[in-house]
Number of protein chains: 2
Amino acid sequence: MFRTHTNGELTLENLNEEVTLSGWVQTIRDKGFMVWIDLRDRYGLTQLVFDQERSSENLMAEVKNLGREFVIQIKGTVIERASKNPKILTGEIEILVKDLSLLNASELPPFTIEDQTDGGEELRMKYRYLDIRRNPVKNKLIFRHKMAQKVRNYLTEKEFIEVETPVLIKSTPEGARDFVVPSRMNPGQFYALPQSPQTFKQLLMVGGMDRYFQIVKCFRDEDLRADRQPEFTQIDCELAFVEQQDVLEIFEGLTAKLLEDVTGNVYGEFPRMTYQEAMTRYGNDKPDIRFAMEFVELNELVKGKDFKIFDDASLVVGINVEGCADYTRKQIDALVDWIKRPQVGASGLVWIKYQADGTLSSSVNKFYSEADLQLIAKKFEAKPGDLMLILSGEEQKARTQLSALRMELGNQLGLRNPNEFAPLWVVDFPLLEWDPESNRYHAMHHPFTSPKPEDIGLLETSPGEVRANAYDLILNGNEIGGGSVRIHDQKFQSKMFDLLGFTKEEAQSQFGFLMDAFKYGAPPHAGLALGFDRLVAILDGNEVIRDYIAFPKNNAGRDVMIDAPSSVSELQLDELQLKIVEKA
Amino acid sequence: MFRTHTNGELTLENLNEEVTLSGWVQTIRDKGFMVWIDLRDRYGLTQLVFDQERSSENLMAEVKNLGREFVIQIKGTVIERASKNPKILTGEIEILVKDLSLLNASELPPFTIEDQTDGGEELRMKYRYLDIRRNPVKNKLIFRHKMAQKVRNYLTEKEFIEVETPVLIKSTPEGARDFVVPSRMNPGQFYALPQSPQTFKQLLMVGGMDRYFQIVKCFRDEDLRADRQPEFTQIDCELAFVEQQDVLEIFEGLTAKLLEDVTGNVYGEFPRMTYQEAMTRYGNDKPDIRFAMEFVELNELVKGKDFKIFDDASLVVGINVEGCADYTRKQIDALVDWIKRPQVGASGLVWIKYQADGTLSSSVNKFYSEADLQLIAKKFEAKPGDLMLILSGEEQKARTQLSALRMELGNQLGLRNPNEFAPLWVVDFPLLEWDPESNRYHAMHHPFTSPKPEDIGLLETSPGEVRANAYDLILNGNEIGGGSVRIHDQKFQSKMFDLLGFTKEEAQSQFGFLMDAFKYGAPPHAGLALGFDRLVAILDGNEVIRDYIAFPKNNAGRDVMIDAPSSVSELQLDELQLKIVEKA
């Protein structure tokens, strides 16, 4: 037996017990006549003591050969520590070692195995197995497991059945790019890895499975932005005989439960906001509502005062930044520079300061009188001490830019506390969005999303105005999930494919099986998918998902630890009847 | 709201309640003035009644338009049935319908949605979504979910952490054939889909994760035998600081718990048997021990009696079939034909009948006297009424053939009751097996398996005799899992790759990351993987796994429902820099 206890559990209650422990050497303090070792495992640290007076000569010699990250097993007696460490559970005891076995030596690790390591991102990824020994990474993986267990238990209690859908499926050019898998048994043909189990979960509804979920790997062959992974995990759900309201209630319940577990607070009904309202109030379909700074539209107050920039703009819109009237020139210039960066792309910023003494000053004093500014300040509901920031231009652009500025100020002013949580439903998304490139409408969510019944009449006349029964779950400014009520009528689904520019043949070859299924009594159904990697990161007070994935890939889609992808043998390619073509 | 109740819950306790139900029309009995419909959903059946006297004319007209598998919603009152059905929970009530909405019509399904369907395998697979509506398939998927939940909860209680390992990994030519995935971002390079997370779980042990599990999809591009799937699910586990005994105890506990849940019986310690013993007693490394019929070796009793076949054989071995001395000539001929089939390949069978009157007769009376036969019968511990069946030939072949015969007789005699469970550990597997084709040793389990310490000396001299710390979990004659204590010493792992014929370069390019990891303090570790599809099937009293997989593939690796694999566009191939080569 390698151990009687872990390194995280011995206390004064175990005093004088003979124990066997195993683990890694975290630190060695060698005073010559006495040596202390912190022995580490997944569960904690236990202090070992080797003492010239109480330990054998051999043992004292052996311990001198140990180094950091050596794996050892010891037998010894639990004794009370002279100087206690109240910060850890095992801090009142130490082990007087009688017997030491070296289980494995270690070379000097390429970075320190400490909470704060000296290893950079690249090195940590190459030696991910060492990185995982560190508490911050280890704890994130354990947290992820606990959340997955809670999700499964919650959904199981609600009569959901986890069904495994296939990984080797069929490529559909719609949406993002698929990873494909050549089939040796069917040469020249390919499977695709699923971007989501969408069609399979809908087929399960046709199959009467009623309440399905799956925590499932999905795949997208996209050029990776920071913090995007080619394989990612979804909590994927679908329900039959439900309306939007039923779906929202169940997953509000799930999210509230996870939040309660994490914070200890109770989360009641989540606020709901239409897409239109979110865009108007925050310029963003995933607003962070932990702080206000809502958009104030100023067209009727600022136009016609000879300020050409505002006169030419289709929208003049601003936010009131509370308590920031004392921003210096330098601080304001920094904000101007920030919004002029190509990532934001605004051309300038107008500010109005509501001084503490009640007077108003602005960057556009030339055009606006004190009385004008008073009216504007009133519209902002500003108080003395506040700073109003105003952008203008084409409506959509101005909103997007102001939203970026709002989020940046939220960060700068510490209004985005990662341990405070503000969930929100955004509902009534547009069904379609115009794609100028292909000169046609695309499904904003996916082609299976159902329009709101009252908007169906608009499909022929103003497709862009049709709202969908589609909803997103937002947490702290992040979209953590989304879903919709689906189309379950075969004829209507077929019409939707027409509208989206599919030829009959394309629709049939890609989704024929789904439309066939709809002929045999498809029930009304709706669903939702949550991005599990991101959800876990946010619940744990982080926004970087990489550390919540045991073995992530880098931005080039590579696993630098195992060095994948890699070349394969000629034999493998021959069997697949494939040839690599060098690009000209 | 689509329903206030499911179709599986209303009883006399709900009498006179107004309810809303939704579901599929299972059956319609139309007596003209009265119509009964069985309404079905995942939860059960509820009888609806439409009655000329109590229902409106409109309603009576509408109900006449319904057909099987139509999806409807009804509102009505729970009333007591005149003729009750005690077989179902809802059998004492029916719903007097007031209101009927057609949610979706259905074409006539291609097979009946009944427990016993008229649909053949191929049709059922093409319309799998309809097949899933049938109780036998639906219940199997629900059973699978329940087992997965129990596994996760058991392992979580035991401090295991479920960690998701990557699906896009690196191809290693060792073992079965990999599915590969071309990388667009790294042209000419490929990911592979994992045959198991073996190396990753070992890296997690190096990472201190200590107790890992995962219910995970694995992939093998093999020519499919019946009931083999290119993608399958494993319960994959690994533990650090454990010995073989610890692993066996934990997974014995898990299996016993699942068995207890299924049968209500208590399962104590599982029997253990060495590989050698299993081969000697049953000719098989996965014996079904629900019945005895153990092998009896007869060389010393049968040789030297001028029966050339036995004299020439390296092994003469038989089984005693209790109570079958009255087998007719025809029955015995059938057995002879059975073992002569190419799948078994025996050349003949010797029988000895221990007649009820105590006399002995045999197919080799010419060579063996009554006294000889008495001695043989004694060795068999046969009783009057028993039938002894004897095979001979090359030792390994004779054992394998007799094992096949033993299993066949087990089936024929009803000794393999699928609802009786006999788990068994087979331990001490050989580390290596000789492969005459490549003229070298292969790892019997995999190259990471550790030899038994006491056998390490044999590695140089008699590699074939080295036993491994490897173990299989057997249930009713099926291998449901296997594992081993791993090598954790870098130098020894490297030596093992040498022994298995890897060049240094091959070992480095394929497993360099693992050997690197072993340099930094790898703990002793061991693991196990259980085939989840098969485990679930056997626990549910079946051996066919296909129905426990929601969307299985056929023997050509095709999903006939979605028609995958399929061709991909030229654009996709171009982006991957691949070309399909027509075979000459």
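Residues numbered from 1 in each chain as written. Chains lettered and ligands numbered in written order. Predicted model: local features only at pLDDT ≥ 70, side-chain atom pairs only at ≥ 80, totals over all residues. Heavy atoms only, no water.

A short note on the confidence of the model for chain A
Detailed reading of the predicted coordinates is not advisable wherever pLDDT is low.
Argument step 1. Residues of chain A with pLDDT of at least 70 account for 99%, and the chain-wide mean is 95.
Argument step 2. Of the two predicted TM-score estimates for the complex, the pTM is 0.96 and the ipTM is 0.95. (pLDDT = per-residue confidence, 0-100.)

Observations regarding the relation of the copies chain B and chain A
Argument step 1. Rotating chain B by 180° and moving it 0.0 Å along the rotation axis overlays it on chain A with an RMSD of 0.1 Å. These values place the two chain copies in the arrangement generated by a two-fold rotation axis.
Argument step 2. In this assembly, 100% of the residues forming the interface of chain B have copies in chain A that are likewise at the interface, indicating an isologous arrangement. (Least-squares fit on C-alpha atoms with pLDDT ≥ 70 in both. Contact = heavy atoms within 4.5 Å.)

A word on helix H12 (residues 395–412) of chain B
Residue and element names in this part refer to chain B.
Argument step 1. When the terminal C-alpha atoms of H12 are compared, their 26 Å separation across 18 residues agrees well with the 26 Å that a helix rising 1.5 Å per residue should span.
Argument step 2. Three or more residues of H12 are buried, namely Ala398, Arg399, Gln401, Leu402, Ser403, Leu405, Arg406, Met407, Glu408, Leu409 and Gly410.
Argument step 3. Close packing links the buried residues of H12 with helix H7 (275–282), strand E12 (296–297), strand E13 (315–321), helix H10 (329–340) and strand E16 (387–393).
Argument step 4. Residue Glu394 occupies the N-cap position of H12, its side-chain oxygen lying 3.1 Å from the main-chain nitrogen of Gln396. (Helix = DSSP H or I, 4+ residues; strand = E, 2+ residues; numbered from the N terminus. Expected span 1.5 Å × (residues − 1). Buried < 20%, exposed > 50% of the residue type's maximum accessible area, 1.4 Å probe, protein only. Polar contact = N/O pair within 3.5 Å; in protein donor to acceptor, adjacent residues only side chain to side chain.)

Thoughts on the pattern of salt bridges
Side chains carrying opposite charge are able to pair once their charged atoms draw close together.
Argument step 1. Under the counting rule described, the total for this entry stands at 106 salt bridges over all chains.
Argument step 2. Across the salt bridge formed by Arg134 of chain A and Asp131 of chain A, the nearest N and O atoms sit 2.7 Å from each other.
Argument step 3. Arg134 of chain A gets classed as buried once you look at its relative accessible area, which sits at 6%.
Argument step 4. As a salt-bridge pair, Arg144 of chain B and Asp533 of chain B come within 2.8 Å of each other at their nearest N and O atoms. One end of the pair, Arg144 of chain B, is in helix H4 (residues 135–157); the other, Asp533 of chain B, is in helix H16 (residues 532–539), with 389 residues separating them in the sequence. Residues Arg144 of chain B and Asp533 of chain B agree in their burial class; the two are buried.
Argument step 5. Ionic contacts of the salt-bridge type, sharing partners, join the residues Glu121, Arg124, Arg128, Asp131, Arg134, Arg546 and Asp547 of chain A into one network. (Salt bridge = Lys/Arg side-chain N within 4 Å of Asp/Glu carboxyl O.)

A short note on the interface of chain B and chain A
Argument step 1. With 124 residues of chain B at the contact, the number on the chain A side is 124 residues.
Argument step 2. On inspection of chain B and its partner chain A, the count reaches 14 salt bridges.
Argument step 3. For the pair chain B and chain A, the interface holds 73 residue pairs in polar contact (both at pLDDT 80 or more).
Argument step 4. Take the side of chain B that touches chain A: its biggest share by element is nine residues, from H4 of chain B.
Argument step 5. Across the side of chain B that touches chain A, the residue classes break down as 65 nonpolar, 25 polar and 34 charged.
Argument step 6. Bridging between strand E23 (residues 578–580) of chain A and strand E23 (residues 578–580) of chain B involves three bridges; their strand directions are antiparallel. Residue pairing across strands places Leu578 of chain A opposite Ile580 of chain B, the latter belonging to E23 of chain B. (Nonpolar A, V, L, I, M, F, W, Y, C, P; charged D, E, K, R; others polar. Pairing = 2+ DSSP bridges.)

What to know about the sheet that holds strand E12 (residues 296–297) of chain A
Residue and element names in this part refer to chain A.
Argument step 1. Across the sheet, five strands lie side by side as E12-E13-E16-E14-E15; this open sheet has antiparallel pairing. Each of the sheet's edge strands pairs with one partner strand only, and the pair in question is E12 and strand E15 (360–362).
Argument step 2. Sheet topology places E12 next to strand E13 (residues 315–321); two bridges connect them, and they run antiparallel. Counted as the bridge partner of Val296 is Gly318 from E13.
Argument step 3. On top of the sheet, helix H12 (residues 395–412) reaches E12, E13 and strand E16 (387–393); it is set at about 10° to E13, its chief contact. (Axes fitted to C-alpha atoms, helices over the stretch in contact; angles between N-to-C directions.)

Side note on the domain arrangement of chain A
Argument step 1. The assigned domain composition of chain A is domain 1 (12–104), domain 2 (139–273 + 424–548) and domain 3 (291–415).
Argument step 2. One C-alpha centre belongs to domain 1 of chain A, the other to domain 3 of chain A; they are set 62 Å apart. (Domains from an automatic or database assignment.)

So, the sheet that holds strand E11 (residues 272–274) of chain B
Argument step 1. Taking strand neighbours across the sheet as the criterion, the eight strands line up as E6-E9-E10-E22-E21-E20-E17-E11 (chain B) in an open arrangement whose pairing is mixed. With partners counted over all chains shown, the strands left at the sheet margins are strand E6 (161–162) and E11 of chain B, one partner each.

Let's talk about unusual backbone geometry
Residue and element names in this part refer to chain A.
Argument step 1. Looking along the chain, the bond that leaves Ala564 and enters Pro565 is cis, with omega of 0°.
Argument step 2. Structurally, Pro565 is set in the loop between helix H16 (532–539) and helix H17 (570–575).
Argument step 3. Of note, the phi angle at Asp210 is positive, near 75°, even though the residue is not glycine.
Argument step 4. Relative to the helices and strands, Asp210 resides in the loop between helix H5 (198–206) and strand E9 (211–219).
Argument step 5. For Gln577, which is not a glycine, the phi torsion comes out positive at approximately 55°.
Argument step 6. Within the secondary structure, Gln577 is located in the loop between H17 and E23.
Argument step 7. What makes Gln577 buried here is its relative accessible area of 12%.

Let's talk about the side chain of Gln198 of chain B
Residues and elements named next belong to chain B.
Argument step 1. Mapped onto the elements, Gln198 comes out in helix H5 (residues 198–206).
Argument step 2. What makes Gln198 buried here is its relative accessible area of 9%.
Argument step 3. Of the polar contacts made by the side chain of Gln198, one reaches the side chain of Gln202; its length is 2.9 Å.
Argument step 4. In this view, Gln198 contacts His446, Phe448 and Arg486; residues no more than four positions away in its chain are not counted.

Some points on the packing of H5 of chain B against helix H15 (residues 504–517) of chain B
Residue and element names in this part refer to chain B.
Argument step 1. Look at H5 against H15: their axes get within 10 Å of each other, and the N-to-C directions meet at 15°. Viewed along their axes, H5 and H15 adopt a mutual orientation that is roughly parallel. Handedness of the H5/H15 crossing: left-handed. Where H5 approaches H15, its residues Thr199, Gln202, Leu203 and Val206 are matched on the opposing element by Phe511, Phe513, Leu514 and Ala517.
Argument step 2. Of the residues in the contact of H5 with H15, the class split is six nonpolar, two polar and no charged. (Parallel < 35°, antiparallel > 145°, perpendicular 65-115°, else oblique. Left-handed = near helix turned anticlockwise from the far one by under 90°.)

Focus: the packing of aromatic side chains
Argument step 1. According to the stated counting rule, one finds 36 aromatic pairs over all chains in the structure shown.
Argument step 2. Taken together, a centroid distance of 6.1 Å and an interplanar angle of 85° make the contact between Phe179 of chain A and Tyr191 of chain B edge-to-face. Of the two residues, Phe179 of chain A is situated in the loop between strand E6 (161–162) and strand E7 (180–182) and Tyr191 of chain B in strand E8 (residues 190–192); the pairing between them involves two chains. Across the pair, Tyr191 of chain B and Phe179 of chain A agree in class, each one buried. (Phe/Tyr/Trp six-rings, centres within 6.5 Å; stacked < 30°, edge-to-face > 60°.)

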